[in-house]
Amino acid sequence: MEAVIVYFKDVAIGELTFENNNFVYKTYEKGITEAIDKAYPLFLYDVYSDFVSPYLPESIGGWIPTKENSDLYIEAGIEETDSVFEKLVKVSKLSLHDENVYIAYKG
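In this report, we go over the structure that sits alongside the text. (Residues numbered from 1 in each chain as written. Predicted model: local features only at pLDDT ≥ 70, side-chain atom pairs only at ≥ 80, totals over all residues. Heavy atoms only, no water.)

1. What to know about the pairing of strand β1 (residues 3-8)
With 5 of its 6 residues buried, β1 lies for the most part within the structure. Both β1 and strand β5 (residues 101-106) contribute to a ladder of 6 bridges, which runs antiparallel. Across the sheet, residue Ile 5 finds its bridge partner in β5, namely Ala 104. Adjacent in sequence and paired antiparallel, β1 and strand β2 (residues 11-19) are bridged by 2 residues, among which Lys 9 carries a positive phi angle near 55°. (Buried < 20%, exposed > 50% of the residue type's maximum accessible area, 1.4 Å probe, protein only. Helix = DSSP H or I, 4+ residues; strand = E, 2+ residues; numbered from the N terminus. Pairing = 2+ DSSP bridges.)

2. Remarks on helix α1 (residues 29-37)
Within α1 the residues assigned to the buried category are Gly 31, Ile 32 and Ala 35. For α1, the angular spread of buried residues about the axis comes to 100°, placing them on one side. In α1, the exposed positions that point more than 90 degrees away from the buried face belong to Glu 29, Lys 30, Ile 36 and Asp 37. Where α1 is buried, its residues meet β2 and β3 (22-27). (Arc of directions from axis to C-beta. Contact = heavy atoms within 4.5 Å.)

3. Comments concerning the sheet that holds β1
In spatial order, the strands read β4-β3-β2-β1-β5; together these 5 strands make up an open sheet with antiparallel pairing. Taken across any chain shown, the strands that pair with only one partner, and hence form the sheet edges, are β4 (51-53) and β5. Looking at each pair of strands side by side, their axes are set apart by 25° on average, direction ignored. Here α1 sits on the sheet in contact with β2 and β3, set at roughly 140° to β2. Strands in contact with helix α4 (residues 84-92) are β1, β2, β3 and β5; relative to β5, the strand with the most contacts, it is inclined by about 90°. (Axes fitted to C-alpha atoms, helices over the stretch in contact; angles between N-to-C directions.)

4. Structural notes on the packing of aromatic side chains
Summed over the entire model, instances satisfying the criterion amount to 7 aromatic pairs. Ring centres 5.9 Å apart and planes at 20° place the aromatic pair Phe 18 and Phe 85 in the stacked group. Taken together, the residues span a long stretch of sequence, with Phe 18 in strand β2 and Phe 85 in helix α4 at a distance of 67 residues. Take Phe 85: its relative accessible area is 9%, and that puts it in the buried class. By way of ring pairs, the aromatic residues Phe 8, Tyr 40 and Tyr 45 are connected into one cluster. The aromatic ring of Tyr 105 is capped on one face by Lys 93, whose charged end is 4.6 Å from the ring centroid. (Phe/Tyr/Trp six-rings, centres within 6.5 Å; stacked < 30°, edge-to-face > 60°. Lys NZ or Arg CZ within 6 Å of the ring centre and 35° of its normal.)

5. Comments concerning a nonpolar patch on the surface
A surface patch of nonpolar side chains, about 360 Å² in accessible area, is lined by Phe 43, Leu 44 and Tyr 48. The topology assignment puts Phe 43 in the loop between α1 and β4. The exposure class assigned to Phe 43 is exposed, which follows from its relative accessible area of 60%. (Patch = residues over 30% accessible without salt bridge, like charges linked within 9 Å, V, L, I, M, F, W, Y side chains within 5 Å. Areas by Shrake-Rupley, 256 points an atom, 1.4 Å probe, with all protein chains shown as cover. Salt bridge = Lys/Arg side-chain N within 4 Å of Asp/Glu carboxyl O.)

Such coordinate-based values are descriptive only and should not be taken to indicate function.
See below:
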């Protein structure tokens, strides 16, 4: 099953999958503890606790490009027919980093 790892700065804090039409996010206890020890403000990004939801928090969903002609959309190879999760997986395969929350592919 494909998964997307969610990072906060340098710490892997959780894993996102898509099951039964819901996004399923499971935190990594060790990563959450490390992020808290480093005083990272996880609560601002809605990625500090497990969830099952048909919607993504903006901190993760914001990685999906919305314009078909954007460089990120083209570079990721996103197709118009891709689901939200498929788009997220394609973006996660790129080497992208942010100062706060970012995603990486886990095959």
